[in-house]
Amino acid sequence: MKPEQIATNMVFWIGVVVATPAHSGVGGPLTYRSELPLAAGQLVRVSLGRREVLGVVWELLPDSGGLAPAQTKAVLGALEGLAPLSATWRKLVAFTAGYYQRSLGEVALAALPPQLRELSTSQLARRLKRPISDTSSAESLRELVELSPEQAAALAQLEADHRPALLFGSTGSGKTEVYLRAAARVLAEDPEAQVLVMVPEINLTPQLQARFEERFKHLGRERVVALHSGLTPAQRLKSWLAAHAGVARLVLGTRMAVLASMPNLRLIVVDEEHDPSYKQQEGARYSARDLAVYRARLEGLATPESSASPKNCSVILGSATPSLESWQATLVGRYQRLTMHERIGSTDQAAGSLPTVRLVDMNHQPKHCTLAPPLLAAIAQRIARGEQSLIFLNRRGYAPVLACHDCGWKSECPHCSAYRVFHKIDRTLRCHHCGFTERVPRACPSCGNVDIAPVGRGTERLEEHLAELLQGITRPDGSPLVIARIDADTTRLKGALESQLASVHAGEVDVLVGTQMIAKGHDFRHITLVAAVNPDGALFSSDFRAPERLFGLLMQATGRAGRNAEKGAQSEMWVQTFHPEHPLFGALKKHDYPAFSAQELADREAAGMSPFGFSALVRAEARSQDLAQGFLNAAAAAAQAQALPGHDMVTPYPAVPMTIQRVANVERAQMLVESSSRVALQRFLAAWQPVMAATRQQAEFKPLIRWAMDVDPLAI
Ligand code: ADP
Ligand code: ZN
Ligand code: ZN
């Protein structure tokens, strides 16, 4: 078919969404004509400008909408052999685009595997033809562990109540086993049912993936697939196609998987639901956790083609320290709460009990000491007993700043409003914001003083310092102790993290130093002491979610200790602080998340913050701070002048510089917009989009680099 040839007999008009850049003015589908009837949800190739691009048939139109045939283009071809994306999937994408203020095409196309855009129709046909080796076997009776009473109760409640469930279970209480059983039930009940399990980070998937693959291997090898950004484009396409065709019964993925096409989705699990990595931080800034809840409802409303009545889709959010949003939802009954307090094996006294939390009042310790003497003594004792310790500090590098004490010079980044971090290993100053790296100067660049010194401490320096402090301490067999460090710097190479973790598991390391990376997910069996060196910063941060994150991190860190430590070894969590009276630490001592959340929620309610209020941030970038702020303020003034829908219930605050105001020579400003009504905020933002785009077109704002909205931002 020649693209420009117009059929004389029959023409079909269709709306197609393509990947349009944000703010290009194209929000919805574009009109194309086709000689063949196409179905909504079908993937097609169309020309856009001079390019041939992938598009999704969004709707069938009754006519050309007033466009002359010559003004329209014909569809170049359909991707044969690929079932149309379901109406539910399209609704989910439309909701995501609308709620997060992005174009339909951007969200729809970003949700498809990139390789789908590149393959020719014949290449795709070959991929689709590959037979799946159906190795499924009748379910053999495998020995499953006996459920704990709490696990059994949680599963029973899940079956009885179909509201979204918050599985509130301490680390080691057996949440994963509950996910496995819930998934098994859904898969057994319906031979077509699919399950989506989401985890926060790729590096957590291998262990979990192995557990799911093992449990469901009777379904056949190709029935459990992974979907995350660590896959090669070919693997990602393969997983996506398997999910889309219904071949994959269980998809294990990161946040991107929430938009995967799964025609028979019956259960969504969001593990560690409080984790900030569920929020996408660029493009469409969606929250995969929130979308999971929305999607489950949507799937439950839809009527699958194969049956007459809608089928339920459940959602389980799991965490030991839930987000305050999810917790609040259980308090008002929107979600059900399933509680599991007990660690598995806790009747077995020491092995299962939670670590003792010890607060070290740094006001009573020698000035400027990094590790308090009692903590150091406790670490030495562990080494002597052949046990492991884990020390964490949320700052990588050797020292956060290098300074000259003569003239006051500091290692500022010339391109950012931030200090460059001193990395001793290769003697560089590195900017953690723009990446600018230089060798450490021999002398102060400003006065020539050769005595420039590191200020403060990062993980690299802590590791070095520990080696000095623990000199002479040996293991039970008399061999020298081993200190290792795990952070973003030591794990840059592929496989590095795995091999470092393996050596910790093998007991080759006595003291492990690291950033929050090591506080998450890894199950260290022989660690009996965990210490947080300097967590105070988050107590008084301007970011209202900082205490929530700190509490979660510390609770998670306590969970690292001795989940399986040998009997008799009582685990301890040490926290060094100048504010031992802070209620956050009081709640931590008792492992009492409900007490912590009650305090935090009271504060948030008084301040009208999430989950009691709703907000969006608009960010703008320009060469000058004045221009970036000027744009935001002008757009807000225009909204006010035009009395946009919802404006009377929405408060825009004046534009301010972002915390790190300049990165790579770009000035960054932001404006907070708040409302007590989610609906009013949504209506306002939708109406404000075109006003912002028009403001941007004004001559004075032409030089603006970019602007973007972040709805339900994580950090303000
Ligand atoms: P969580 O996900 O809550 O941290 P897991 O599901 O990983 O906890 O369980 C912790 C450990 O206890 C795992 O090693 C798991 O295999 C084991 N486990 C879970 N449930 C049971 C059970 N009912 N009986 C015995 N062991 C269990
Ligand atoms: Zn100097
Ligand atoms: Zn920089």
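All chains use their own residue numbering, which begins from 1 and follows the written sequence. For naming, the first written chain is A and the first written ligand is 1, with later ones following in the order written. Side-chain atom pairs in this predicted model are given and counted only at pLDDT of 80 or more, local residue features only at pLDDT of at least 70, and totals for whole chains, interfaces and linings cover all residues. Only hydrogens and water are removed before side-chain values are computed, so all heavy atoms of the structure are retained for them.

J.: For this particular structure, what's the right way to read the coordination of the zinc ion (ligand 2)?
T.: Put simply, the ideal angle at a metal is 109.5 degrees for four donors in tetrahedral geometry and 90 or 180 degrees for six donors in octahedral geometry. Coordination of the zinc ion (ligand 2) by the protein comes from Cys404 (SG), Cys407 (SG), Cys444 (SG) and Cys447 (SG), over a distance range of 2.3 to 2.4 Å. Each of the four donor atoms bound to the zinc ion (ligand 2) contributes to angles spanning 104 to 113°, and the resulting shape is tetrahedral. Nitrogen, oxygen and sulfur within 2.8 Å of a metal are treated as its donors, or within 3.2 Å for sodium, potassium and calcium (Na, K, Ca); water is not counted, so a site can appear incomplete. Spacing between the donor residues of the zinc ion (ligand 2) along the chain follows C-x2-C-x36-C-x2-C. Of this pair, cysteine 404 sits in strand β16 (residues 401-404) while cysteine 447 sits in the loop between β19 (437-439) and β20 (452-455), and the two are 43 residues apart along the sequence. Judged by relative accessible area, which is 3%, cysteine 404 ranks as buried. Here a site with four donors is tetrahedral if all angles are between 85 and 135 degrees, and a site with four or six donors is square planar or octahedral if opposite donors are over 155 degrees apart and the other angles are between 65 and 115; anything else gets the irregular label. Each helix is a run of H or I in the DSSP string that is no shorter than four residues. Each strand is a run of E no shorter than two, and both are numbered from the N terminus. Buried means the residue's accessible area, taken with a 1.4 Å probe over protein chains only, is under 20% of the maximum for its type, while exposed means over 50%, and partly exposed covers the values in between.

J.: Please clarify how the site of ligand 1 should be interpreted in this entry.
T.: The local shell around ligand 1 holds 16 residues, among which Glu146, Gln151, Gly172, Lys175 and Thr176 are the closest. At three residues, the largest contribution of residues to the shell around ligand 1 is made by helix α6 (residues 175-189). Taken together, the residues that form the shell around ligand 1 break down as three nonpolar, eight polar and five charged. Any residue with a heavy atom positioned within 4 Å of a molecule or strand is treated as near that molecule or strand. Basically, the charged four are Asp, Glu, Lys and Arg, the nonpolar ten are Ala, Val, Leu, Ile, Met, Phe, Trp, Tyr, Cys and Pro, and anything else, Gly included, counts as polar.

J.: When you look at α6 in this model, what are you seeing that I'm missing?
T.: Because each turn of an α-helix spans 3.6 residues, side chains separated by three or four positions end up pointing in the same direction. Take the number of residues in a helix, subtract one, and multiply by 1.5 Å to get its expected span. The terminal C-alpha atoms of α6, which comprises 15 residues, lie 21 Å apart, in line with the 21 Å expected from a rise of 1.5 Å per residue. By the criterion of burial, α6 is predominantly enclosed, with eleven of the 15 residues buried. Among all positions of α6, only Lys175, Thr176, Glu177, Val178, Tyr179, Leu180, Arg181, Ala182, Ala183, Val186 and Leu187 are buried.

J.: Any chance you could explain the environment of alanine 620 here in plain terms?
T.: Tracing the backbone through its elements, the reader meets alanine 620 in strand β25 (residues 614-622). Between the C-alpha atoms of alanine 620 and threonine 491, which are 129 residues apart in sequence, the distance is 33 Å. Between two residues, a contact is recorded if the distance between any of their heavy atoms is within 4.5 Å. Aside from chain neighbours lying at most four places away, what touches alanine 620 is Ala628, Phe631, Leu632, Glu667, Arg668, Ala669, Leu704, Arg706 and Trp707.

J.: Looking at this structure, how should I read the domain arrangement of the protein chain?
T.: Each domain span listed reflects an automatic or database assignment of domains. Assigned domains within the protein chain: domain 1 (3-129), domain 2 (149-340), domain 3 (349-396 + 458-606), domain 4 (401-455) and domain 5 (614-711). Relative placement of domain 2 and domain 4: their C-alpha centres are 46 Å apart.

J.: Please explain the coordination of the zinc ion (ligand 3) as it appears in this structure.
T.: Coordination of the zinc ion (ligand 3) by the protein involves Cys413 (SG), Cys416 (SG), Cys431 (SG) and Cys434 (SG), with metal-donor separations of 2.3 to 2.4 Å. Coordination at the zinc ion (ligand 3) comes from four donor atoms whose angles at the metal span 106 to 112°, giving a geometry best classed as tetrahedral. Mapped onto the polypeptide sequence, the residues donating to the zinc ion (ligand 3) form the spacing pattern C-x2-C-x14-C-x2-C. By relative accessible area, which is 29% here, cysteine 434 ends up partly exposed.

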